[in-house]
Amino acid sequence: MPRLRSRRVMALPLGMAMASALAFLPNTGAFAAEGTPGAATADGTPLSYVVNVTPGHGSSARVQRAISRAGGTVVTSYDKIGVIVVHSSNADFARTVRRVPGVQSAGATRTAPLPAQSTTDVGTPKALSAQEVAGAEAVDGQDPLEPLQWDLPAIKADKAHEKTLGSRRVTVAVIDTGVDDTHPDIAPNFDREASANCVSGKANTADGAWRPTAEESPHGTHVAGEIAGAKNGVGITGVAPGVKVAGIKVATTAGFFYTEAVVCGFMWAADHGVDVTNNSYYTDPWYFNCTDDPDQKALVTALTRATRYAEHKGTVNVAAAGNENYDLAADEITDPSSPNDTTPGDRVIDTSKCYDIPTQLPGVVTVAATGAKGIKSSFSNYGLGQIDVAAPGGDSTAYQTPAPPATSGLILGPLPGGGWGYMAGTSMASPHVAGVAALIKSTHPHAPASLVKALLYAEADATPCTKPYDIDSDGKVDAVCEGSKNRNGFYGWGTVNALKAVTR
């Protein structure tokens, strides 16, 4: 099992417009309910649970009766992977059903009462002003704001677009905070049939259920545009502007990504023909889910089953590596922020037993971020054997200044309501990789998920370690990269290459 990642706030220069969705500080639940750590602490506290049984057979009558007797109400059941979503106000619900024959594990998905943040970006979005939008000078063949997108030539996406924009038969699902499908950069490529709201753990397909409200984060909309912003003479251009993009909303209004919602997201994507999922978040409330804890073990099991099911159905799952500048190859990491939906506290994590989900699950593509100079972003996690590939996620403009006409070292993308803005984080790196994976799938339409991933790694540009890595030029080494040019802790197999994706 790959090792974990976590998130904490990074101190960056004032010139950096940092981007966060919901959790404006990526290590804390900005809207977390007050309370104490643990599962349900008293009878009458309604919590959500996952109950894991043998996949493929449905829950037995004995298990169903036991759930009911223990005070549980089944919300939905994913029989193909043996995961049941249950609500209960019984503080002993999980302990009781774990003793039932046929139940393999069970655990609370949260520590805050129902209904109760956790994306891999940093800070708040910096919206483009009307003057900035009007001032961008595009050349022939470019969308109006494309000159500000240094990230496209960084992975040769601009050259790839001269060959193809991607296939309309390929869909990328943004499992996130919701997608504004009315945005002019997203509407032409939006796939309504593959979109849903999974916040409750059960898919809701009502029209527009996948959209964020005005009070919710712009994160998912920005990510969707980075992947598949249409090349239509408006705004920005996505990495794969000819493919379709779907929105699967899994974040609560307060911004929490709970296990039952994320399981629903992967299952919905897998069963609706999605080729690639992007996952720029971690699953709340535990940054590190430890298999020696019965509740957290159940969450790891449920999401492992869901991601494996999706990959078996042909879906490539791509996820962000996190923003703490942590060496993920370390034996131990201190988690100061769990559970983030009630009262967090420091705990030292044994990385052989504790995992960030879904990013560190088997088969998921883990993405580190680079800046405008092509080196590891100041905030990006790293670690030999932990990072699969790297892609532009932005960085402080003071650290990595882009070449003109681009002016910001951050990543430009759409915001809900028809605007555009800058954001940064491994949240922004992951969709670049999802877009390249979509181009690979467009070029090789019959390739299974395993081959798409193999090509993604093989076609990446080998990027040697940055040594010494002194990103702020203060004379102190800020991170140590280990490994060879062809595979190392900063860039994995290398920086993804969109041009190779459409020519090889």
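Our subject is the structure listed above.
The text that follows walks through the structure, step by step, so that each part is easy to find. Model, not experiment: these values are computed from the prediction. (Residues numbered from 1 in each chain as written. Predicted model: local features only at pLDDT ≥ 70, side-chain atom pairs only at ≥ 80, totals over all residues. Heavy atoms only, no water.)

**Digging into the overall build of the protein chain**
Next, step 1: What the protein chain contains, in helices and strands, is eleven helices and 18 strands.
Next, step 2: A total of 504 residues make up the protein chain; the buried ones form 61% of that total.
Next, step 3: When the accessible area of the protein chain is evaluated, it comes to approximately 17300 Å², of which 52% is carbon and sulfur surface. (Helix = DSSP H or I, 4+ residues; strand = E, 2+ residues; numbered from the N terminus. Buried < 20%, exposed > 50% of the residue type's maximum accessible area, 1.4 Å probe, protein only. Areas by Shrake-Rupley, 256 points an atom, 1.4 Å probe, with all protein chains shown as cover.)

**Quick notes on the state of the cysteines**
Next, step 1: According to the stated counting rule, one finds three disulfides in the structure shown.
Next, step 2: A sulfur-sulfur separation of 2.1 Å characterises the disulfide bridge that pairs Cys198 with Cys264. One disulfide, between Cys198 and Cys264, carries an S-S torsion of -60° and so falls in the left-handed class. With Cys198 in the loop between strand 7 (196-197) and helix 6 (219-228) and Cys264 in helix 7 (residues 259-271), this pair connects stretches of sequence that are 66 residues apart.
Next, step 3: Assessed through its relative accessible area of 0%, Cys198 is described here as buried.
Next, step 4: With a relative accessible area of 1%, Cys264 lands in the buried category.
Next, step 5: Bridging Cys290 to Cys354, the disulfide has an S-S length of 2.1 Å. Torsion about the S-S bond of the Cys290 and Cys354 cystine: about 110°, corresponding to right-handed handedness. Residue Cys290 is found in strand 10 (residues 289-290), and its partner Cys354 is found in strand 14 (residues 354-355); the two are separated by 64 residues along the sequence. (Disulfide = S-S within 2.5 Å.)

**Observations concerning the pattern of salt bridges**
Next, step 1: Scanning the entire structure with this criterion turns up 15 salt bridges.
Next, step 2: The salt bridge partner of Arg98 is Asp295, with a shortest N-O separation of 3.4 Å.
Next, step 3: You can call Arg98 partly exposed: its relative accessible area is 25%.
Next, step 4: With relative accessibility at 16%, the residue Asp295 sits in the buried group.
Next, step 5: The salt bridge involving Lys453 is made with Glu311; its shortest N-O contact spans 2.9 Å. (Salt bridge = Lys/Arg side-chain N within 4 Å of Asp/Glu carboxyl O.)

**Details of the sheet that holds strand 1 (residues 47-53)**
Next, step 1: Read across the open sheet, the four strands follow the order 2-3-1-4; overall the sheet is antiparallel. Each edge of the sheet is formed by a strand with only one pairing partner; in this case those strands are strand 2 (72-78) and strand 4 (103-108). Across the sheet, the mean angle separating the axes of adjacent strands is 25° when strand polarity is ignored.
Next, step 2: Taken strand by strand, helix 7 contacts strand 1, strand 2 and strand 3 (83-88), and its axis lies near 25° from that of strand 2. (Pairing = 2+ DSSP bridges. Axes fitted to C-alpha atoms, helices over the stretch in contact; angles between N-to-C directions. Contact = heavy atoms within 4.5 Å.)

**What to know about the packing of helix 6 against helix 9 (residues 426-443)**
Next, step 1: Close contact between helix 6 and helix 9 brings their axes to 8 Å; oriented N to C, the two are set at 35°. Read as a crossing pair, helix 6 and helix 9 show a hand that is right-handed. Within the contact between the two elements, helix 6 uses His219, His222, Val223, Glu226 and Ile227 and helix 9 uses Ser427, Met428, Pro431, His432, Ala434 and Gly435.
Next, step 2: Of the residues assigned to the contact of helix 6 with helix 9, the class counts are five nonpolar, five polar and one charged. (Left-handed = near helix turned anticlockwise from the far one by under 90°. Nonpolar A, V, L, I, M, F, W, Y, C, P; charged D, E, K, R; others polar.)

**A short note on the sheet that holds strand 11 (residues 316-320)**
Next, step 1: Taken in spatial order, the seven strands line up as 7-8-6-9-11-15-16 in an open sheet, and their pairing is parallel. The outermost strands of the open sheet, each flanked by one partner alone, are strand 7 and strand 16 (389-392).
Next, step 2: With three bridges connecting them, strand 6 (residues 171-176) and strand 9 (residues 276-279) associate as parallel partners. Along strand 9, the bridge assignment pairs Val172 with Val276.

**Examining unusual backbone geometry**
Next, step 1: Omega for the bond connecting Ser338 with Pro339 falls within 30 degrees of zero, at -5°, which places this linkage in the cis form.
Next, step 2: Its place among the elements puts Pro339 in the loop between strand 12 (332-338) and strand 13 (345-350).
Next, step 3: The step from Pro404 to Pro405 runs through a cis peptide bond, and the omega angle for that step is 10°.
Next, step 4: Along the chain, Pro405 turns up in the loop between strand 16 and strand 17 (411-415).
Next, step 5: One non-glycine residue, Lys156, adopts positive backbone phi at about 60°.
Next, step 6: Mapped onto the secondary structure, Lys156 falls in the loop between helix 4 (151-154) and helix 5 (157-163).

**Some points on the packing of helix 7 against helix 8 (residues 294-312)**
Next, step 1: Relative orientation of the contacting elements helix 7 and helix 8 amounts to 15°, with a least axis distance of 8 Å. As judged from the angle between their axes, helix 7 and helix 8 are roughly parallel. Judged by the sense of rotation from one axis to the other, the crossing of helix 7 with helix 8 is left-handed. Within the contact between the two elements, helix 7 uses Thr259, Val262, Val263, Phe266, Met267, Ala270 and Asp271 and helix 8 uses Leu299, Ala302, Leu303, Ala306, Thr307, Tyr309 and Ala310.
Next, step 2: Class assignment for the residues of the contact of helix 7 with helix 8 results in eleven nonpolar, two polar and one charged. (Parallel < 35°, antiparallel > 145°, perpendicular 65-115°, else oblique.)

**Observations regarding the packing of aromatic side chains**
Next, step 1: Under the definition given, this model contains nine aromatic pairs.
Next, step 2: Summarising the aromatic geometry, the rings of Phe190 and Trp210 are spaced 5.7 Å apart at their centres and angled 40° between planes, so their arrangement reads as tilted. Residue Phe190 is found in the loop between strand 6 and strand 7, and its partner Trp210 is found in the loop between strand 7 and helix 6; the two are separated by 20 residues along the sequence. The pair formed by Phe190 and Trp210 is uniform in burial state, with each residue classed as buried.
Next, step 3: Aromatic side chains Phe257 and Tyr281 sit 4.8 Å apart centroid to centroid with 5° between the ring planes, which places their arrangement in the stacked category. Here Phe257, found in the loop between strand 8 (244-249) and helix 7, pairs with Tyr281, found in the loop between strand 9 and strand 10; they are 24 residues apart in sequence, far enough to count as distant. Accessibility assignment for this pair places Phe257 and Tyr281 in one class, buried.
Next, step 4: Taken together, the aromatic side chains of Tyr382, Tyr469, Phe490 and Tyr491 make up a single cluster linked through ring pairs.
Next, step 5: Its end group placed over the ring of Tyr258, Arg110 keeps NZ or CZ at 3.8 Å from the ring centre.
Next, step 6: Here the guanidinium or amino end of Lys376 rests over the ring plane of Phe490, the centre of that ring lying 5.5 Å away. (Phe/Tyr/Trp six-rings, centres within 6.5 Å; stacked < 30°, edge-to-face > 60°. Lys NZ or Arg CZ within 6 Å of the ring centre and 35° of its normal.)

**Some remarks on helix 6**
Next, step 1: Across the ten residues of helix 6, ten count as buried, placing the element largely inside the fold.
Next, step 2: Every buried residue of helix 6 is accounted for by His219, Gly220, Thr221, His222, Val223, Ala224, Gly225, Glu226, Ile227 and Ala228.
Next, step 3: Each element contacted by the buried residues of helix 6 is listed here: strand 6, strand 8, strand 9, strand 17, strand 18 (419-423) and helix 9.

**Remarks on the environment of His312**
Next, step 1: Its place among the elements puts His312 in helix 8.
Next, step 2: Along the sequence, His312 and Ala449 sit 137 residues apart, while their C-alpha atoms lie 7.7 Å from each other.

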